[in-house]
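Structural features, examined
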Amino acid sequence: MDYAHILQRIHRDIAPLLTQGRVADYIPELGKVPATHFGMALVFADGRSHCVGDAAVPFSIQSISKLFACTLAFQLLGEDLWQRVGREPSGNAFNSLVQLEYEQGKPRNPFINAGALVVTDVLCSRFVQAETAMVQFLRRLSGNPAIDYDPRVAQSEREHADRNRAMAYFMKDFGRLEMPVDKVIDAYCRQCAITMSCEDLARAALFLAHGGVVPWSGERVLDASPTKRLSALMLTCGTYDAAGDFVYRVGLPAKSGVGGGIVAVLPGRWAVCVWSPGLDHSGNSLAGVQALEWLTTLSGHSIF
Ligand code: GLU
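Notes on the structure in this doc start here. It should be emphasised that the depicted structure is a prediction, and the values quoted were computed from it without experimental measurement.

**Brief notes about the environment of Asp 150**
Here Asp 150 shows up in the loop between strand S5 (148–149) and helix H8 (151–159). For Asp 150, a relative accessible area of 16% gives the class buried. Sequence-wise, Asp 150 and Ala 56 are 94 residues apart; in three dimensions their C-alpha atoms are separated by 17 Å.

See below:
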């Protein structure tokens, strides 16, 4: 399979779509990123990779951090994690509060904001600084020791986090959070503000394509069975309220973020990350989803 050629073709054909999405500006720092960026990195378990465009440019990983936070919490709690957070698609926006009241404050899944706050609460109760644990984890998974969070993005997010705060207080009232709300929100904002490139993220997600083991370092992140389960959650809940359409078009487990990044894995083969900041109406990268659809269509490789 000539992946190099496929990625070059995607890079060439994607240009007209780069101005069609809308950059997230509800976190003002994110709104400053030019919509015209496009990068893509595909990494194989044996270390080979193919990159195009801005694949080496760091960007705000935002909700992609929820995938790695959930991995850490799954490491710590195993199946008990699901006492704290569900594993069903929500059918609502990622930052919606509506279900929380009639479901007694238990979030539907770890990839919506409410669920991610519960996951961050788990990390805050186990680590002195949850965001530091996350940064160290991502440095190990990606092999890039320079990964860190962007304090300006974290601050910008903190200043506009009233909806997340409302969710956290609401869940606290239901007894769903152990740690103080301010501590959880602080760690969550920093975790979302971590910056990584497509190359970093594709490498960091590779353990999901490799039965839970980081192929190049040999670190076992999760056993094979929880790895399967996490990938299944990505498939059903990883791309906001558009997961059904995303799977229809792309056919891969994936996690997206409002920074415009999407990571996806083909179990047994490779991990890929695409980045383009313009979002569609669901909050997924408009060009990113199209690029992944072309990748699986042109290669004939998806999970189906
Ligand atoms: N930090 C963002 C928020 O809490 C993450 C959203 C996302 O990427 O889905 O709104």
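**Regarding the sheet that holds strand S7 (residues 254–256)**
Strand pairing in a sheet relies on backbone hydrogen bonds, with the paired strands running either antiparallel or parallel. Judged by pairing direction, the sheet is antiparallel, and its five strands sit side by side in the order S3-S2-S9-S8-S7 without closing on themselves. In this open sheet, the two strands that pair with only one neighbour each are strand S3 (49–53) and S7. Direction aside, neighbouring strands of the sheet carry axes that sit 10 degrees apart on average. Bridge count for strand S8 (residues 261–266) against strand S9 (residues 270–275) is six bridges, and the pairing is antiparallel. Counted as the bridge partner of Gly 261 is Trp 275 from S9. Along the sheet, helix H11 (residues 198–209) contacts strand S2 (39–44), S3, S8 and S9; its crossing angle with S9, the most-contacted strand, is approximately 145 degrees.

**Points about the site of the ligand**
Residues in contact with the ligand amount to 13 residues; listed here are only the nearest, Tyr 26, Gln 62, Ser 63, Glu 157 and Tyr 240. Between an oxygen atom of the ligand and a side-chain N or O atom of Ser 63, the distance comes to 2.5 Å. When the ligand sits alone it has 300 Å² of accessible area, and the protein chains cover 98% of it. Partitioning the shell around the ligand into residue classes produces seven nonpolar, five polar and one charged.

What counts as what
- Residues numbered from 1 in each chain as written.
- Predicted model: local features only at pLDDT ≥ 70, side-chain atom pairs only at ≥ 80, totals over all residues.
- Heavy atoms only, no water.
- Helix = DSSP H or I, 4+ residues; strand = E, 2+ residues; numbered from the N terminus.
- Buried < 20%, exposed > 50% of the residue type's maximum accessible area, 1.4 Å probe, protein only.
- Pairing = 2+ DSSP bridges.
- Axes fitted to C-alpha atoms, helices over the stretch in contact; angles between N-to-C directions.
- Contact = heavy atoms within 4.5 Å.
- Near = heavy atom within 4 Å.
- Polar contact = N/O pair within 3.5 Å; in protein donor to acceptor, adjacent residues only side chain to side chain.
- Areas by Shrake-Rupley, 256 points an atom, 1.4 Å probe, with all protein chains shown as cover.
- Nonpolar A, V, L, I, M, F, W, Y, C, P; charged D, E, K, R; others polar.

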